Amino acid sequence: MISSRVAIIGIGYTPFRTISPDVSFKEMMFEAAFKAYEDAGVNPRHDIDSFVDCAEDFTEGRSIFDIQAPDNIGAALRSIHTVCYDGIGGLIVGYMLIQTGQYKVVAVEAHSKLSNMLTPGYLVTHALDPVLNKPLGYNANYIAGMEMNRYLYDSGATREQCARVCVKNKMNAIDNPLASYGDRITVDDVLKSETTFYPLSRLDTAAPTDGSIVMVLASEEKAKVLAKKPVWIRGVGWCSDTPYLETRPWSEAAYARLSAEMAYKMASIKHPRKEIDIAEIDDSFSYKELQHMEALKLCHKGEAGSLVEEGATEREGELPINVSGGSLGVGWLGEATGLQRVLEIVLQLRGEAGKRQVPGITTGLAQSWRGVPTTTGTTIILSKE
Amino acid sequence: MAMRKVAIVGAGMTKFMRRALETGKELAWEANKMALDSCGLTMNDIESVAVGTAPDAFDMVHMKSEYLTDGTSGWRKPTMRGFVGGGTGVFTVAQGWYHVASGLFDTCLVIGEEKMSSCMPHPQAAFVTCWDQFTESPLQASLLWFFAWEMNRYMNAHGITEREIALSSVKNKKNALDHPCAQLAAEITVDDVMNSEVMAWPVKRLDVSPTSDGAAALVLASENVARRITDKPVWIEGVGWCLDSMYVGQRDLYYPQYVEVAARMAYEMAGITEPRREIHIAEPYDPFDYKELHHIEGLLLCDKGQAPKLLADGYFNRDGNLPTCPSGGLLGVGNAIAASGVMKVAELYWQLRGEAGKRQVPGKPKKGVAQAWGDEMQVGTVVVVGT
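Overview of the structure.

Rules used in this analysis
Residues numbered from 1 in each chain as written. Chains lettered and ligands numbered in written order. Predicted model: local features only at pLDDT ≥ 70, side-chain atom pairs only at ≥ 80, totals over all residues. Heavy atoms only, no water. Helix = DSSP H or I, 4+ residues; strand = E, 2+ residues; numbered from the N terminus. Buried < 20%, exposed > 50% of the residue type's maximum accessible area, 1.4 Å probe, protein only. Contact = heavy atoms within 4.5 Å. Lys, Arg positive; Asp, Glu negative; His and termini not counted. Charge placed at Lys NZ, Arg CZ, Asp CG, Glu CD. Areas by Shrake-Rupley, 256 points an atom, 1.4 Å probe, with all protein chains shown as cover. Salt bridge = Lys/Arg side-chain N within 4 Å of Asp/Glu carboxyl O. Polar contact = N/O pair within 3.5 Å; in protein donor to acceptor, adjacent residues only side chain to side chain. Nonpolar A, V, L, I, M, F, W, Y, C, P; charged D, E, K, R; others polar. Pairing = 2+ DSSP bridges. Core = buried A, V, L, I, M, F, W, Y, C linked by side-chain atoms within 4.5 Å. Patch = residues over 30% accessible without salt bridge, like charges linked within 9 Å, V, L, I, M, F, W, Y side chains within 5 Å. Disulfide = S-S within 2.5 Å. Phe/Tyr/Trp six-rings, centres within 6.5 Å; stacked < 30°, edge-to-face > 60°. Lys NZ or Arg CZ within 6 Å of the ring centre and 35° of its normal. Expected span 1.5 Å × (residues − 1). Axes fitted to C-alpha atoms, helices over the stretch in contact; angles between N-to-C directions. Parallel < 35°, antiparallel > 145°, perpendicular 65-115°, else oblique.

**As for the overall build of chain B**
The helix and strand tally for chain B stands at 13 helices and 11 strands. Referenced to the eigenvectors of the C-alpha coordinate spread, the extents of chain B come out at roughly 50 × 45 × 40 Å. Split into buried and exposed, the 387 residues of chain B put 69% on the buried side. Sequence-distant contacts in chain B: of pairs separated by 6 or more residues, those separated by 24 or more amount to 78%. Counting 37 positive and 46 negative side-chain charges, chain B places the averaged centre of each group 4 Å from the other.

**Section: the overall build of chain A**
The helix and strand tally for chain A stands at 15 helices and nine strands. Classification of the 385 residues of chain A by burial places 66% in the buried group. Sequence-distant contacts, at least 24 apart, represent 77% of the contacts inside chain A between residues at least 6 apart. Here chain A displays about 12,800 Å² of accessible surface, and carbon together with sulfur accounts for 54% of that area. For chain A, the distance from the average site of its 39 positive side-chain charges to the average site of its 49 negative ones is 3 Å.

**Observations regarding the interface of chain B and chain A**
Counting residues at the interface gives 63 residues for chain B and 69 residues for chain A. There are four salt bridges connecting chain B and chain A. Applying the counting criterion to the chain B and chain A interface returns 28 residue pairs in polar contact (both at pLDDT 80 or more). Of all the secondary-structure elements, those providing two or more residues to the side of chain B that touches chain A are α2 (64-68), β3 (79-83), α3 (88-101), β8 (234-243) and α8 (257-270) of chain B. Its residues placed into classes, the side of chain B that touches chain A shows 35 nonpolar, 16 polar and 12 charged. Pairing geometry for strand β3 (residues 80-83) of chain A and β3 of chain B, over two bridges, is antiparallel. Paired with V83 of chain A across the strands is G82 of chain B, a residue of β3 of chain B.

**Description of the pairing of strand β2 (residues 48-52) of chain B**
All names here are of chain B. Among the five residues that make up β2, five are buried, leaving the element largely enclosed by the rest of the structure. The alternating pattern of β2 places S48, A50 and G52 on one face and V49 and V51 on the opposite face, and all of these are buried. When β2 meets strand β4 (residues 107-115), the two strands line up parallel, connected through five bridges. Of the residues in β4, the one forming a bridge with S48 is C108.

**Brief notes about the nonpolar core**
Y37, W238, V342 and L382 of chain A together with L218, I236 and Y267 of chain B are the most contacted members of the largest nonpolar core, which has 192 residues in total. In terms of residues, this core owes the most to one element, helix α13 (residues 337-353) of chain B, which gives 10 residues. If sequence neighbours within four positions are ignored, L218 of chain B has contacts with I8, G10, A11, A35, V93, C108, L109, V110, V342, V345 and A346 of chain B. If you look at the next biggest cluster of nonpolar residues, it comprises 52 residues, including A140, L203, I281 and A312 of chain A.

**Quick word on a nonpolar patch on the surface**
Side chains of L139, W145 and W149 of chain B sit close together on the surface and give an oily, nonpolar patch of about 340 Å² of accessible area. For W149 of chain B, the position within the fold is in helix α4 (residues 143-158).

**Some remarks on helix α12 (residues 286-295) of chain A**
Residue and element names in this part refer to chain A. The buried count for α12 comes to 10 of 10 residues, which makes it a mostly enclosed element. Those residues of α12 that sit buried are S286, Y287, K288, E289, L290, Q291, H292, M293, E294 and A295. Taken together, the buried residues of α12 touch α6 (142-155), α7 (159-174), α10 (254-266), α13 (304-310), α14 (326-330) and β8 (363-369).

**Structural notes on the environment of R359 of chain B**
Residue and element names in this part refer to chain B. Examined against the element boundaries, R359 turns out to sit in the loop between α13 and β10 (367-374). Placed 46 residues apart in sequence, R359 and D313 show a C-alpha to C-alpha distance of 20 Å. Leave out the neighbours within four places in its chain, and R359 touches D178, H179, P180, R318, P326, S327, E347, W350 and Q351. Separated by 2.9 Å, the side chains of R359 and E347 make a polar contact.

**Quick look at the state of the cysteines**
Put plainly, a disulfide is one covalent bond tying together the sulfur atoms of two cysteines. Taken as a whole and assessed by the stated rule, the structure comprises zero disulfides over all chains. With no disulfide of its own, C108 of chain B has C39 of chain B as its nearest cysteine by sulfur position, at a separation of 13 Å.

**Topic: the packing of aromatic side chains**
All names here are of chain B. In this structure the tally under the stated criterion is 19 aromatic pairs over all chains. Seen in terms of ring centroids, W131 and F146 are 4.1 Å apart; in terms of plane orientation they differ by 10°. Their pairing is stacked. Linking W131 in the loop between β4 and α4 with F146 in helix α4, this pair joins segments that are 15 residues apart in sequence. The pair formed by W131 and F146 is uniform in burial state, with each residue classed as buried. Geometrically, the ring pair formed by Y254 and Y255 is tilted, given 6.1 Å between the ring centres and 40° between the ring planes. On the accessibility criterion, Y254 (23% relative accessible area) is partly exposed. Put simply, the rings of F147, Y285, F288, Y290 and W373 pair up and form one aromatic cluster. It is K5 that lies over the ring of W235; its NZ or CZ is 4.3 Å from the centre.

**A short note on the pattern of salt bridges**
Residues and elements named next belong to chain A. Tallying each qualifying case throughout the model produces 57 salt bridges over all chains. Here D154 ties to R150 by a salt bridge, and the two come within 3.2 Å at their closest N and O atoms. With D154 and R150 both in helix α6 and four residues apart, the pair spans about one turn of that helix. Among the ionic pairs, K355 bridges to D175, the shortest N-O distance being 3.6 Å. Here D175 lies in the loop between α7 and α8 (187-192) and K355 lies in the loop between α15 (337-350) and β8, a separation of 180 residues in the sequence. Salt bridges linked by common partners bring E252, R257, E261, K297 and K301 together as one network.

**Points about α10 of chain A**
Residues and elements named next belong to chain A. Taking 1.5 Å per residue as the helical rise, α10 with its 13 residues ought to reach 18 Å, and the 18 Å between its terminal C-alpha atoms agrees with that figure. Looking at α10, one finds that the buried residues are A254, Y255, A256, S259, A260, M262, A263 and Y264. Looking one or two residues beyond α10, the residue adopting positive phi is S268, at roughly 50°.

**Thoughts on the packing of α7 of chain A against α12 of chain A**
All names here are of chain A. In the contact formed by α7 and α12, the axes pass within 7 Å of each other and the chain directions differ by 100°. Comparing their axes, α12 and α7 come out roughly perpendicular. Contacts between α7 and α12 involve Q161, C162, V165, C166, K168 and N169 from the former and S286, Y287, E289 and L290 from the latter. Residue classes in the contact of α7 with α12 are distributed as five nonpolar, three polar and two charged.

**Quick word on the environment of W250 of chain A**
Residue and element names in this part refer to chain A. Within the secondary structure, W250 sits in the loop between β6 (231-240) and α10. Separated by 106 residues in the primary sequence, W250 and A144 place their C-alpha atoms 9.7 Å from one another. Setting aside residues up to four positions removed in sequence, W250 forms contacts with I143, M146, E147, R150, L245 and Q291. A polar contact is formed between the side chain of W250 and the backbone oxygen of L245, at a distance of 3.1 Å.

Here you go:
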C-alpha cells in the first residue's frame, strides 16, 4: 500500500575533520541542521513533523544519548527519537514515518566525534558476546582480519586487489573537499604499511573522522512544493544476520545481500549492475568493498577483485564506486558514515559534485555496514525521477 | 491517505526479578516465544522487529540490539532499535506501529528487554555520564536527586503532602499482588511508605520502583493479517512522542509539558477529543509514586494538581472510574525499563480482551492509554489502544 513517494529535499553537513577540538558535537549538529533547513527551506519549529537522531551511547561516551539530541537541531518539545542504528537506518525511519501518512516532513541527523575516543578498538570489544567472546579480551578488529582471510580464500581475490581499492578511493578523495584522507599512494605502499590484524594493514583500514550530517525528507506533495531538485528514495532495505561469531557466514556478507534484495524489490530493480549508475558502498576495510560489491549483485561472485583491477569501478569506469573517496578516503564517521554515502549520491544526482561529478546518471545506491563485530547492514536506492 | 490500521494480536512477558540467571538474549526469547505462542505464530511469520532496550551501560554491552538479535528473532530480518531513555518501552510499540503502518511489513515483533542486575553495585552508576558534561556531570548527581527536586516542586506548586503521594505506591503494590510476573507486590500502608528510609528527601525507599531484569513482547499485524489471526484484535489507534530540552534548569518541573504534547499527538491521531470521558483505563509510567500522579495530569486525565485528591477518593483504583496501573505498574511489577513500557501496553491488551484474570477491571474497557517517560525529565511517549 505504498502510495506516496518520499524525497530528500535538504542536506546540511559540517566539513569532516580528523580532529575538531574547537567545537562540541552539539555545535556540529547545530551547524549541519541549520544548513539542511536552509537548503530545504523549512523552519524546524513548525515545518518539520518529526526528527530522528542516530547514535550509540558508547560511541558518544554518554549514557542515554537522546537526552542531548533535541536542543541542537531545533527539536525541543517536538516529536523526536533516536535510533541506535546507522544513518541510513535513520533515513529508513523517516521514510516509514512519511509512508504512514501521519508525517509530511522528517529530519534525520547523525554525527561523529570519534576524535574524542582514545581506544576505539577496545570499545568495540564491548559489543562482543559478554559470556562467550568478550572475556578473551582481544581488540575486536581481529574479526575483520579473519573475515578478510576467509573472503580472499573463497573468492580468489588477492591482497593486491584489495590494495587497489585503497589506491582508488584515496585518489578519488583528493577531489572531495570534505574528505580527510585523500592521497596518492601505490599498491606497494598499502602492502608495506604495518600489519594490524593479519592480513589487514594500516592503510587497508578506514581511519576515523569527525562531522555531522542532517537530511530533510518530505512526502511527494510537500517535496514538489519545497524542493528544486528533489532526490527520490526508491527503495530501502535493512537486515541483521546472527551476532554469533561461531555460526555466522564468514565469507559472504549475507546482511548486505538481504538488505539489497529488499531494496531492489521495492525499487523494481531486476538487473542492479545495469540499472545502478553509481554506488557508494561500505569500504571501512578495503576487502569490504569487494565483498559488498558481490553481495549487492553489482558483479558476480569472485568477480569484484578483477573489476577493480581493470578500473571498472573508477570514476570514469563502467560502474563508479565510492567516487567520494569512501570511508578509506573520506574517513569513517561512525553512525554518520551511511549518511556520508547518501550525501555523495545526492550531490551527484543533483549535479553538485564539482570536480568529481559523474555525468549522465539517474540512479544511485548507498549501502552501509555497522562495523565490527556486527552483521547489520542497510541499502538505499535513490533516483532523480 | 487513510491510515493503515495496526493491531496487537499477541503478548508475552517474563517474570520481572532482581537478578535473573538468564542472559539478556534468553530473557528476550522467553517473552518473544510467549507472545508468538499466544497467537499461534512462529518466528518465520515475523517480517520485522522493533527492539527496545535502555542504556548499554547497564550491562556493558555495546550496540546491545545487535547482541540481542538471536533472542529477538531478528535473525536475517530487518531489525532496528529505537531509543528514548526511560520512555523507550512504550516508544518501541510506536516504532512497531510505524513499521506496519508504513505498508512495508504485515507483521512486526515489538520487544523490550532489560538486564539491570549486571551493573554492580547498582545501575544508578550508568546515569552518572548522562548529564550535560559541563554543567551537570561534575555534580556527580544521582538520579534520585533530580527526582527529589521534581517531587518537591510538584508538592509545592499544588500544596500536596507526602502522605497523599504515598497512596499511589500502596495502590500499585497491592494491584501487583494479582500479577504473576510481579517482583515487589505487597500489602503496605501509607505509614510504611512514610517510615521507609529517606533516599533524597522527599523521596523515600517505598516511593521508588525496584531495579529489575525482564522482557516483554507484543506481536503487531496489519488489518488483513490480524483478522486472520484473531477475532479480538486490539488496535493501536494513536501514538505520540516528544522530547523536551535537556536543560532541566530552564523548565518548571511542576508539570510534564512533554507528556501533554505527546498525549495530544496520540489523542489527535485516535480522534479523541475528551480523554477524561473516552479513556477507560490508563497505564501511566510510575517509576516513582508521584510520577504516576504527575503523568495522569500530563495525559489530560484530570486537572493539574487534582490527581492526589482523586486518588484518595478511589477514582484510580481497579474498580474506580478510571483504573490506573491495574497491572501493578513499575512500583509493583518492577522497573525493567524498556520491558516495563512494553508490559504496560501488554496489560492494556489483556484488559481490553478481557483476559487479565484476577486483575481484570470491571465494565469491559474499550479504550486505554499507556505512557512512559524518561531521560532528564524530558521524554513523553504515549500509545492509545482500543477495541
